[in-house]
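Here are the chains, one letter per residue:
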Amino acid sequence: MASPDNDPLILALLALGVLAAVLAVALFRRHREARELREVGERLAAVAATGDVGERLTGHAASGSAVDLAAQADRLLDRLQHEATTRAEREQVYRRLTEARHEGVAIERDGSLLANARFAELCGAVSPSHLAGRALADLVHPDFAELLVEVLRRHHAGQPAPERFEAELRAIDGPGARLEFSFAPITFEGQPAQLVTVVEVSSPPDQSDARRGHGTAWEALDALGEGVLTTDAGGRIVYANRAAELLIGKPASDALGHTLQEVISLVDEGDRKSLGDPVRQCITTGARVHIGRRGMVVANDGPGERSIELTVSPLRDASGEVAGTVIALRDVSDLRGLTRQMSYQASHDALTGLVNRREFERRLQESIEAAHAGGQRAVLCYLDLDRFKAVNDECGHVAGDSMLREVAALLKDAVRDSDTVGRLGGDEFGILLAGCPLEKARQIADDVVRAVADYRFVWKDRIFNIGVSIGLVEVSRESGSLEDALGAADSACYLAKRQGSHVQVYSARDEAVARQRGEIHWLQLLQSALKDNGFELHAQPIVAVDAQSASGPGLEVLLRLKDSNGAMIAPSEFMQAAERYRLMPHVDRWVVQTALAALGRGAVRLVPGRCLCINLSGQTLGDAGFLEFVVDCLDRTGVAPDRICFEVTENSVITNIEHARRFIGVLHTMGCQFALDDFGSGLSSFANLRHLPLDYLKIHGEFIHNLASDVVNQAMVTAMIKLARSLNFRVVAEQVEDMSALDSVRRMGVDFVQGYQVGRPQPLALV
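Conventions used here
- Residues numbered from 1 in each chain as written.
- Predicted model: local features only at pLDDT ≥ 70, side-chain atom pairs only at ≥ 80, totals over all residues.
- Heavy atoms only, no water.
- Phe/Tyr/Trp six-rings, centres within 6.5 Å; stacked < 30°, edge-to-face > 60°.
- Helix = DSSP H or I, 4+ residues; strand = E, 2+ residues; numbered from the N terminus.
- Lys NZ or Arg CZ within 6 Å of the ring centre and 35° of its normal.
- Core = buried A, V, L, I, M, F, W, Y, C linked by side-chain atoms within 4.5 Å.
- Buried < 20%, exposed > 50% of the residue type's maximum accessible area, 1.4 Å probe, protein only.
- Contact = heavy atoms within 4.5 Å.
- pLDDT = per-residue confidence, 0-100.
- Pairing = 2+ DSSP bridges.
- Expected span 1.5 Å × (residues − 1).
- Salt bridge = Lys/Arg side-chain N within 4 Å of Asp/Glu carboxyl O.
- Axes fitted to C-alpha atoms, helices over the stretch in contact; angles between N-to-C directions.

(A) Representation of the packing of aromatic side chains. All told, the structure shown has eleven aromatic pairs when counted by the stated rule. Both rings, one in F646 and one in F663, keep their centres 5.9 Å apart while their planes meet at 65°; by these two values the pair is edge-to-face. With a gap of 17 residues between them, F646 in strand 25 (residues 644-649) and F663 in helix 24 (residues 657-670) connect regions that are remote in the sequence. Their ring planes at 80° and their centres at 6.2 Å tell us that Y696 and F752 sit as a pair that is edge-to-face. A residue pair is termed long-range when its members are at least 10 positions apart, and Y696 in strand 27 (residues 696-699) and F752 in strand 29 (residues 752-753) qualify at 56 residues. R589 extends its terminal NZ or CZ atom over the ring of F629, reaching a point 5.0 Å from the ring centre.

(B) Representation of the nonpolar core. Core analysis: the largest hydrophobic core is formed by 72 residues, its most contacted members being F646 and F663. For this core, the element with the highest residue contribution is helix 20 (residues 584-600), accounting for nine residues. In this structure, F663 is in contact with L616, L621, F626, L627, V630 and F674, ignoring residues within four places of it in sequence. The next biggest cluster of nonpolar side chains, apart from the first, holds 51 residues, and it includes A167, V198, I264 and C282.

(C) Fine view of the side chain of N713. Tracing the sequence through the fold places N713 in helix 26 (residues 711-726). Judged by relative accessible area, which is 10%, N713 ranks as buried.

(D) Structural view of the confidence of the model for the protein. With 75% of its residues at a pLDDT of at least 70, the protein reaches an overall mean of 77. Across residues 79-87 the pLDDT falls below 50, and counting only partners more than four positions away or on other chains, this stretch makes ten contacts in the model. Here residues 203-215 is modelled with pLDDT under 50, and outside its nearest four sequence neighbours on either side it reaches nine contacts, counting other chains as well.

(E) A look at the environment of F574. By the secondary structure assignment, F574 is in helix 19 (residues 571-580). Taking C-alpha positions, F574 is 7.5 Å from W522, a pair spaced 52 residues apart along the chain. When neighbours within four sequence positions are excluded, F574 is seen to be in contact with W522, L526, F535, L559, R560, L561 and I569.

(F) Focus on the pairing of strand 6 (residues 227-232). Within strand 6, six of the six residues are buried, which leaves the element mostly enclosed by the surrounding structure. The alternating pattern of strand 6 places G227, L229 and T231 on one face and V228, T230 and D232 on the opposite face, and all of these are buried. Of the pairings in the sheet, the one linking strand 6 to strand 12 (residues 322-331) comprises six bridges and is antiparallel in character. Looking at the pairing, T230 lines up with V326 of strand 12. Pairing between strand 6 and strand 7 (residues 237-240): three bridges, direction antiparallel. Its bridge partner being in strand 7, T231 is matched across the sheet by I237. The hairpin turn running from strand 6 into strand 7, its antiparallel successor, is four residues long, and G235 in that turn takes a positive phi close to 85°.

(G) Structural view of helix 20. The terminal C-alpha atoms of helix 20 lie 24 Å apart, and with 17 residues this matches the ideal 24 Å at 1.5 Å per residue to within 8%. All of the buried residues in helix 20 are M584, P585, V587, D588, W590, V591, V592, A595, L596, A598 and L599. Phi for G602, located one or two positions after helix 20, is positive at around 85°.

(H) The arrangement of the pattern of salt bridges in detail. Overall, the coordinates contain 25 salt bridges when judged by the stated rule. A salt bridge links E361 to R357; its shortest N-O distance comes to 3.0 Å. Within this pair, E361 and its partner R357 are both found in helix 13 (residues 357-374), separated by four residues, close to a single helical turn. Taken together, the salt bridges that share partners define one network made up of E359, R362, R363 and E366.

(I) Summary view of the sheet that holds strand 18 (residues 467-475). Pairing is mixed in the open sheet, where five strands are placed in the order 14-15-13-18-19. Pairing within the sheet leaves two strands with one partner each, and these edge strands are strand 14 (420-425) and strand 19 (503-505). Strand-to-strand twist across the sheet, computed as the mean angle between neighbouring axes with direction ignored, equals 20°. Summarising the sheet, strand 13 (residues 378-386) and strand 15 (residues 428-434) pair through seven bridges and their orientation is antiparallel. Looking at the pairing, Y382 lines up with G430 of strand 15.

(J) Layout of unusual backbone geometry. Positive phi, close to 65°, is recorded for N728, a residue that is not glycine. Positive phi outside glycine occurs at Q735, with the angle close to 55°. Structurally, the position occupied by Q735 is in the loop between strand 28 (730-733) and helix 27 (739-748).

This is the structure:
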């Protein structure tokens, strides 16, 4: 037992023993933590060293493990920091944590880097120390710097951002490379940071060829007229070129990290229904997705709307998995506008802006079908202007066209927006009143008659008043075909016209009486004109564009007829009646005999070398005895065959092709010339005509109207002239009514012109 005197010594020895034990425990803990830290670093290096670069687009395990290990290391460093571990020691630990053989790894915080040797090697730096403290954006090519800064900002702020980003590094001591950056959030020294993993996706370019062009690939994408966007495997946008920025209505920086649907809406141009998410469809199916027909892009936060064609193509990684998409956006607003314009031109009358006959008949057919199916009624109105011919004859077609435009506007104002007003041809119009009772339609028609009667057309120093006759027919379940409806309305209009600016509702009994009276009237009138020489011959000049031209057509003979009151009847009216009663061969014989007799006795003055043009109908070409009649007339009058040019239409020749071949072949051999009249109204039959001995091609007047401003007519006329040249035909342009049309056809290369601009029809005796 110890002596009391030794107690202080014993207590001191015990205290020293306890202190030694505490120190031993502390040293053991410090040694264990250092060993754990070394193990973490070794595990991180092993993970980074064995990480599969091919898995970079699908989120490989190496990157995720690196994040976990970095978090463990951070906790250990925090504990060491409390034990006065130096900054140099902490940086040495992190350099060991980020060391890898196959991937570049760096820690980015507050614009500075702590990088491993592989990262430095990829950047072309001699060692990681050369990168210490440098911002990541300073290392990439300037073309990528701004986007990279924005991506990092979004990651630091916790905003939507692409997890991967490709960029070209800018060399410091050597060549740069095309790298892919992956980002993962970590805590570094107690503060948020980003663990940046980098893998090489392309070898550094040969600097001798790198700048052979005047711009980089990035600049080339920006120079494209098509919008280009790329997304990651999650469908989030990682890149947008300048054209894409314009189409989506926002800068690329605002689109990064968002899906396409979050940026724009894709809707159908017609019904405005959504076209879905083509990017998600592409990623899911792995197939290309195309939106081309009637697609429209609408900016979600702006007023912009553009017609587009969109294609989404999959991007695949080395294993064939979909790693993202490329979106190609093409602005087709102008093209769609041109298509709509051409569609409008195909369905509307160029002169008045009303729907044309084809479109009017299409809508009428729809109304008839709707009436047959559900009993929905409509009323068809057939309109014919009265005294319109006086305007054309006294002031020319330009004045007549101007009046037709004004009348068309007047008709549009007289009906509802739901109704259809169309120009059916010449001075004839149609109105389709949808869902309108017959009595209400009668009131509307009466209002139209009064409005036209009150209308005054002023042209220079002349004032004209006109009228309109209207025939009505109801479209109902009992209605027949389209032709039946139009025929009934036309018959009612004919009755209204006989009564003078009147409205007539169709009646089958009235039509039968009117037809019987009309047949008797026309038959008597035509027979009387043939017997008593009641027809008149007028002639219109045909002028050569080249004043030096010594041969070609000089005059065209035109047939006229007056009624019992001395008023001139429109040629279309009595010609149709003559064809209906099979009298055209008799009419053409009168014209040929009268014209040749006048030419033989010198009543027709022609420039030497020029010929007189005479029109022949299809019925006449089918008359087997007409050829002998013409030969006999030439013999009796003494007219040289080369002074005559017969004009035939495509339809008349095709209808009587065998007789036409014999007639044209014999007379052409004798010296007569032939012109294909109204060319353009039956182009499908031209294959049968090209083997006939023809000399001239006369372009239909409807293609000359508004030629200076109508691009479609210009294209058609150009094609006709080219066709004529290939067949050695000379070209005549009909209905040249103004100076602009004359200048246009002259520039386009026609040989002859005919129309009010160069000469009006005159009675043959005054020519």
